[in-house]
Amino acid sequence: MHPAPSVIAFTTLSGMGFGLLVFLGLGMPAVTGLTAFVFYVLAYGMAVGGLLASTFHLGHPERAIKAFSQWRSSWLSREGCCAVAALVIMGLFAFGAVFLGAQWRFLGIIGAGLSLMTVFTTSMIYAQLKTIPRWNSAWTPVMFLSFCLAGGALIAGQISLAQPLLLGAAVIQLLTWHVGDRAFAEAGTTIGSATGLGDRGDVRAFEPPHTGSNYLLREFVHEVGRKHALKLRVIGFGLAFALPLLLLLAQPDSVGVKHLLAALAVLSHLAGVVCSRWLFFAEAEHVVGLYYGKR
């Protein structure tokens, strides 16, 4: 699929923002006052910024409000409802922490759960699509949630948790790539089934359905070279997981240096997740490509 920058920003920033809200809601760290204000500004900046970025990919952003009414059948609508609920509950929790020095644990736990649910609903927007076999897997929500928790722990400064969570997310990313690379072939969809002519023998594309481009080709048929994909996977994996883990394992005597390494680990992880998200969309093969002879 076409890797739109708005959707990459959305899935990257909102995942890390809600991940940070998860740990803040659980009291990790149990910050109050000005320190809490800084943490919540960062969390809300990423979460809300990511959600706003997603509207730029809509054909009619002014109609986004209508999505909330379809929660019975639409994962996009469920995502919107969960996001609003999480932001409201965590906003009340943040008010208590910043202005009253209070940690309302009950609200924090509910807000943390809603934040995780928001990331899960985001992942299900993609995992439900049978037309994209690479996404139509249980590994898609597992990957989104693992990235959310690893990034959230890293930004929250929970080093002892961030290390195993980063390692777990790295393993899940490798498994997701492994399963995804075989998904299209294992789905059994061919140009014969795409055109409905498969029962008449071997089908091949003689000419494309039309001479010009269209919305389906622009949006759903994006091809990335295998050599480039492998290179980007190595870069993304190294920045998102390997380098942050190495930086976290370093134990300098200076507190200032330790904080600097932690900040570099966060920036490296963010850059790596952006690269991984680009591949998440660029490598997604939509079955409509078969009809146009693109697979």
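Before going into details, it helps to say that this report is about the structure given with it. The model shown is predicted, which means the values in this text are computed figures rather than measured ones.

Quick look at the overall build of the chain
In step 1: Looking only at helices and strands, the chain features 11 helices and 0 strands.
In step 2: Listing each helix as α and each strand as β along the chain from the N terminus yields α-α-α-α-α-α-α-α-α-α-α.
In step 3: Relative to a compact globule of 295 residues, whose C-alpha radius of gyration would be 19 Å, the chain shows 21 Å and is just as compact.
In step 4: Projected onto its principal axes, the C-alpha positions of the chain cover 70 × 45 × 30 Å.

What to know about the state of the cysteines
In step 1: Under the defined criterion, the tally for this structure stands at 0 disulfides.
In step 2: You can see cysteine 148 has no disulfide; the closest cysteine sulfur is in cysteine 82, sitting 13 Å from it.
In step 3: Residue classification places cysteine 148 among the buried positions, given a relative accessible area of 1%.

Remarks on the packing of helix H1 (residues 5–25) against helix H2 (residues 33–55)
In step 1: Relative to each other, H1 and H2 sit at 150 degrees, their axes nearing to 7 Å. One element, H1, and the other, H2, form an angle in the roughly antiparallel class. By crossing handedness, the relation of H1 to H2 is classed as left-handed. Seen from H1, the contacting residues are Ser6, Ala9, Phe10, Leu13, Ser14, Met16, Gly17, Phe18, Leu20, Leu21 and Leu24; seen from H2, they are Phe39, Tyr40, Leu42, Ala43, Tyr44, Met46, Ala47, Gly50, Leu51, Ala53 and Ser54.
In step 2: Of the residues belonging to the contact of H1 with H2, the class tally is 17 nonpolar, 5 polar and no charged.

Description of the pattern of salt bridges
In step 1: Tallying each qualifying case throughout the model produces 4 salt bridges.
In step 2: Among the ionic pairs, glutamate 186 bridges to arginine 182, the shortest N-O distance being 3.9 Å. One end of the pair is glutamate 186 and the other is arginine 182, both in helix H6 (residues 159–187) and 4 residues apart, which spans about a single turn.
In step 3: On the accessibility criterion, glutamate 186 (57% relative accessible area) is exposed.
In step 4: Owing to a relative accessible area of 40%, arginine 182 belongs among the partly exposed residues under this scheme.
In step 5: The partner of arginine 233 in a salt bridge is glutamate 283, with the nearest N and O atoms 3.1 Å apart. Linking arginine 233 in helix H9 (residues 226–249) with glutamate 283 in the loop between helix H10 (255–282) and helix H11 (288–291), this pair joins segments that are 50 residues apart in sequence.
In step 6: A residue is classified by how much of its surface remains accessible, and glutamate 283, at 11% relative accessible area, is buried.

A short note on the side chain of serine 276
In step 1: As for its placement among the helices and strands, serine 276 is situated in helix H10.
In step 2: Apart from the residues within four sequence positions on either side, serine 276 is in contact with Phe147 and Gln173.

Quick look at empty space enclosed by the protein
Which parts of space are left empty comes out when a probe the size of a water molecule is rolled across the atoms.
In step 1: Applying the stated rule across the entire model yields 3 cavities of 30 Å³ or more.
In step 2: What the largest cavity holds in volume is close to 110 Å³.
In step 3: Residue lining of the largest cavity: Arg134, Trp135, Thr140, Met143, Gln173, Thr176, Trp177, Gly180, Ser276, Leu279, Phe280 and Glu283, and that is the complete set.
In step 4: Breaking the lining of the largest cavity down by element, the ones donating at least two residues are helix H5 (139–155), H6 and H10.
In step 5: Among the elements that line the lining of the largest cavity, the one with the most residues is H6, at 4 residues.
In step 6: Residues of the lining of the largest cavity, tallied by class, amount to 5 nonpolar, 5 polar and 2 charged.
In step 7: In this structure, the second largest cavity encloses a volume near 60 Å³.

Procedures and definitions
- Residues numbered from 1 in each chain as written.
- Predicted model: local features only at pLDDT ≥ 70, side-chain atom pairs only at ≥ 80, totals over all residues.
- Heavy atoms only, no water.
- Helix = DSSP H or I, 4+ residues; strand = E, 2+ residues; numbered from the N terminus.
- Rg over C-alpha atoms; globule rule 2.2 N^0.38 Å.
- Disulfide = S-S within 2.5 Å.
- Buried < 20%, exposed > 50% of the residue type's maximum accessible area, 1.4 Å probe, protein only.
- Axes fitted to C-alpha atoms, helices over the stretch in contact; angles between N-to-C directions.
- Parallel < 35°, antiparallel > 145°, perpendicular 65-115°, else oblique.
- Left-handed = near helix turned anticlockwise from the far one by under 90°.
- Contact = heavy atoms within 4.5 Å.
- Nonpolar A, V, L, I, M, F, W, Y, C, P; charged D, E, K, R; others polar.
- Salt bridge = Lys/Arg side-chain N within 4 Å of Asp/Glu carboxyl O.
- 1 Å grid on protein atoms, 1.4 Å probe; cavity = no way out; pocket = protein on both sides within 12 Å on 5 of 7 lines; lining within 4 Å.
- Points joined across faces, edges and corners; volume = space filled by probe spheres on them.

By themselves, these are just geometric observations and shouldn't be taken as functional.
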